[in-house]
Amino acid sequence: MAIPTLSPEQLQAAREAATQARRARADLKERVRNGSLSLNQALDIAAEDDVLAHVKVVDLLKALPRVGDKRATEIMERLEIAANRRVRGLGRHQVAGLKAEFE
């Protein structure tokens, strides 16, 4: 299947949409980082928003205070969450485990 050729206007619109999506995901992580959102709230918001559902779980965990690479990896391994998993791909038991971890 060939990649469709887009007009310059379509390319610009796609670039703008991608930029807005990146900013929305960065804003979610920043709100978790500064404490205005808990992990539980962030997971609930991301589950309802198609753009935010694409945040990587490991990035969301590392945005939490006192959670770095090592602790995020340990939590994900214990809850059997793949390293490249995004919020949208979490199962209900994995979400419940993450919420219980950071109550």
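Placed above this text is the structure.
Residues numbered from 1 in each chain as written. Predicted model: local features only at pLDDT ≥ 70, side-chain atom pairs only at ≥ 80, totals over all residues. Heavy atoms only, no water.

Caption draft 1: Geometry of the overall build of the chain. Across its full length, the chain holds five helices and zero strands. Listing the helices and strands of the chain from first to last along the sequence gives α-α-α-α-α. For the chain, the C-alpha atoms occupy an extent of roughly 50 × 35 × 25 Å along the three principal directions. The buried share of the chain, taken over its 103 residues, is 28%. Once local pairs closer than 6 in sequence are excluded, the contacts in the chain between residues at least 24 apart make up 61%. Positive and negative side-chain charges of the chain, numbering 18 and 15 respectively, have mean locations separated by a distance of 3 Å. (Helix = DSSP H or I, 4+ residues; strand = E, 2+ residues; numbered from the N terminus. Buried < 20%, exposed > 50% of the residue type's maximum accessible area, 1.4 Å probe, protein only. Contact = heavy atoms within 4.5 Å. Lys, Arg positive; Asp, Glu negative; His and termini not counted. Charge placed at Lys NZ, Arg CZ, Asp CG, Glu CD.)

Caption draft 2: Region of the structure containing the pattern of salt bridges. A full pass over the atoms with the stated rule returns six salt bridges. Here aspartate 50 ties to arginine 88 by a salt bridge, and the two come within 2.7 Å at their closest N and O atoms. Taken together, the residues span a long stretch of sequence, with aspartate 50 in the loop between α2 (39–48) and α3 (57–62) and arginine 88 in the loop between α4 (69–78) and α5 (92–101) at a distance of 38 residues. Two residues, glutamate 101 and arginine 78, come together in a salt bridge whose shortest N-O distance is 2.5 Å. Residue glutamate 101 is found in helix α5, and its partner arginine 78 is found in helix α4; the two are separated by 23 residues along the sequence. (Salt bridge = Lys/Arg side-chain N within 4 Å of Asp/Glu carboxyl O.)

Caption draft 3: Quick peek at the nonpolar core. Ranked by internal contacts, the top residues of the largest apolar core, which has 25 residues, are Leu28, Leu39, Leu60, Leu61 and Leu98. Sorting the residues of this core by element identifies α1 (8–33), α2, α3 and α4 as the ones contributing at least two each. Leave out the neighbours within four places in its chain, and leucine 39 touches Leu60, Leu61, Leu64, Leu98 and Phe102. (Core = buried A, V, L, I, M, F, W, Y, C linked by side-chain atoms within 4.5 Å.)

Caption draft 4: Highlighting the side chain of glutamine 94. In this fold, glutamine 94 is placed in helix α5. Aside from chain neighbours lying at most four places away, what touches glutamine 94 is Leu79, Glu80, Ile81 and Gly89.

Caption draft 5: Focus on the environment of leucine 52. Position of leucine 52 among the secondary structure elements: in the loop between α2 and α3. Separated by 12 residues in sequence, leucine 52 and leucine 64 place their C-alpha atoms 17 Å apart.

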